[in-house]
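Residue-level listing of the chains:
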Amino acid sequence: MMAGSRLVAAGRRLRVIALHGALLTYSAVAGAAGTPVGTVIENTASVTFDFAGTPTTVQTNTTTLTVVERIDVVVTLQSPQIIVAGEESDRALLFNVTNTGNGSEELTLAIQNAIAGDDFDPVEAVPAIYFDSDGSGDFTAADQPYEPGVNNPVLAADESVDVFLVNDIPAGVDDGDLGQSQLTATSTTGTGAPGTEFPGQGDGGVDAVAGPSGGEASDIGEYLVSEIQIDVVKAQTIADPFGGDQPVPGATITYTITIQITNSGAATASALEDPIPSFTTYVPDSLTLNAAPLTDAAGDDSGEYDTTVEPKIIVRLGDLTSADGIQTVEFDVTID
Amino acid sequence: MSAKTKRYTAGNAFFLALPILLGSSAVLAQGHLDVTTTVQKEMVVTNENGETETRLIGAETVVPGERVVYTITFENTGADAAENVVITNPIAESLSYVAGSASNGDMRIEFSADGGRTFGIASELTLVDDGIERPATTGDYTHVRWIMQTELDVGAKGSASFAAILE
């Protein structure tokens, strides 16, 4: 009689909304390109005055400034903290790499997972660095791996590229453990303290100068181990036609199913399905969720009585976290 | 530009006896007023005592974010006092004026945000943007000008300067 209830969840929730927010912030930054390399800024002042009532104007000499190349790069983590479990593979962190200098720049990319202060080191997938080639923001089969020296990103001024770091989660991690992974982008022209000059190495042979980033930038993404735990408990109460609790024909069985999420993480699009046991009949309009009645029809609320294949009740619970507390589903059947 | 140029930072920049800039800076002598402009940038250097200090050096190149200082010097080489002296300097589109950087001496400083057609003091300057009048910001400035409040006597010298950042 205790036929298996089934809780279906579409996996852990990635905070996609937050990710979109980050991308919007990024696009607001775009367009801040510096004055292009090679721009010539001329300056001539004029002075007017009167000599004995005669107005006169003189021009100064003209000064000339040539805009040379500033090397600058910024790396910005796009992903929220990624919720993982031990021994998962190919968990991706998304970063944005932007050339904030005013000339074209070739960059090398590197991953570093031995970072002080975290609880475990994620294990680099092979390869571990990919471009978001399809621009989806998700790590997909279409994304091309980065090969150092072969397909180094070459970014025009203010251009950016999205990059994934792909890691496996080792075994033996505990709930709450944090693992960090760092992406570093480095100018192939050179790096140095801000102001370091690279004579003749800018676009078109002009000088290049290291900007505030020093020609190298990095950012760190995080994996948080959280084993989501879903407890589903089913209980029954029998009322027989004679005032007792015997499972005899005509008796009513009330099933009470409780669902509780513990730990962090979320069960997305979760739904409870519970078949009506053999030799019993569902009592119409007996389905409730947290004591609120649900109709038997599909589509009007979160619950339904479904007879398509075999009689069962379905309650769509949506996204559940521990904050939602215990969810209680009840329905009645009668013994045939 | 001239590496020998020094900039005196003490107080009033006007009527200081600045060295006359020669070398690559052409000095135009017209109407008895000699005027010269130079551009410099700030560089942090270590002096002979091992201390770091910021010096202005002649600039030929610049990168975005860098601050440059333009200085216009003038000297009355004529036989009469010059009246109503006004020094006007355009601010290139790729440069952004640094608020408060114009030396004032005892000159009135005005700005233009409309390509030099009209001028006003910083606090009163406005701009028509999409049909709406709003206060002009330093990034809107297209010109800066200095208006002398007194005559420039025979043989007197002076200078005016301002700083700008390359966008």
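Residues numbered from 1 in each chain as written. Chains lettered and ligands numbered in written order. Predicted model: local features only at pLDDT ≥ 70, side-chain atom pairs only at ≥ 80, totals over all residues.

> How would you explain the pairing of strand β2 (residues 33–46) of chain B if you had to name every residue and give the values?
Residues and elements named next belong to chain B. Examined bridge by bridge, β2 and strand β5 (residues 67–76) share 9 bridges and lie antiparallel to one another. Each bridged residue has a counterpart across the sheet, and for K41 the counterpart in β5 is V68. Sheet topology places β2 next to strand β3 (residues 52–58); 7 bridges connect them, and they run antiparallel. By the bridge assignment, T46 is partnered in β3 with T52. A loop of 5 residues connects β2 with β3, the two strands running antiparallel in sequence, and G50 in this loop sits at a positive phi of about 80°. (Pairing = 2+ DSSP bridges. Helix = DSSP H or I, 4+ residues; strand = E, 2+ residues; numbered from the N terminus.)

> Let's hear about the confidence of the model for chain A: which residues, and what values?
Residues and elements named next belong to chain A. For chain A, the mean per-residue pLDDT works out to 86, and 89% of the residues sit at or above 70. Ignoring residues within four places in sequence, the model shows residues 1–5, a span with pLDDT below 50, making 10 contacts including any to other chains. Note that residues 9–31 has pLDDT below 50 and, in this model, 26 contacts with residues that lie over four places away or in other chains. (pLDDT = per-residue confidence, 0-100. Contact = placed C-beta atoms within 7 Å.)

> Tell me about the interface of chain A and chain B, and please be specific about residues and values.
The interface is formed by 29 residues belonging to chain A together with 38 residues belonging to chain B. For the side of chain A that touches chain B, the secondary structure elements donating two or more residues are β2 (40–43), β3 (46–51), β4 (54–59) and β5 (63–67) of chain A. Ranked by the residues each element gives to the side of chain A that touches chain B, the list is headed by β3 of chain A, at 6 residues. A class-by-class count of the residues in the side of chain A that touches chain B yields 11 nonpolar, 15 polar and 3 charged. (Nonpolar A, V, L, I, M, F, W, Y, C, P; charged D, E, K, R; others polar.)

> Please set out the sheet that holds β3 of chain A residue by residue, giving values where relevant.
Taken in spatial order, the 5 strands make up an open sheet running β4(A)-β3(A)-β6(B)-β11(B)-β8(B), and their pairing is antiparallel. If you trace the sheet from one side to the other, it starts and ends with β4 of chain A together with β8 (107–112) of chain B, each paired once. Shown here is a sheet whose adjacent strand axes are inclined to one another by a mean of 20°, direction ignored. Pairing geometry for β3 of chain A and β4 of chain A, over 6 bridges, is antiparallel. Paired with T48 of chain A across the two strands is T57 of chain A, which belongs to β4 of chain A. (Axes fitted to C-alpha atoms, helices over the stretch in contact; angles between N-to-C directions.)

> I'd like a description of the sheet that holds strand β11 (residues 123–131) of chain A, backed by residues and values.
Residues and elements named next belong to chain A. Spatial ordering of the open sheet is given by β7-β9-β13-β11, a layout of 4 strands whose pairing is antiparallel. In this open sheet, the two strands that pair with only one neighbour each are β7 (73–77) and β11. Between one strand and the next, the sheet's axes are offset by a mean angle of 25°, whatever the strand orientation. With 5 bridges connecting them, β7 and strand β9 (residues 91–99) associate as antiparallel partners. Looking at β9, one finds that L77 is bridged to F95.

> I'd like a rundown of unusual backbone geometry, residues and numbers included.
Residues and elements named next belong to chain A. Cis geometry is found at the peptide bond from V126 to P127, where omega equals -10°. By the secondary structure assignment, P127 is in strand β11. Phi is positive for A52, which is not a glycine, with a value near 50°. Mapped onto the secondary structure, A52 falls in the loop between β3 and β4.

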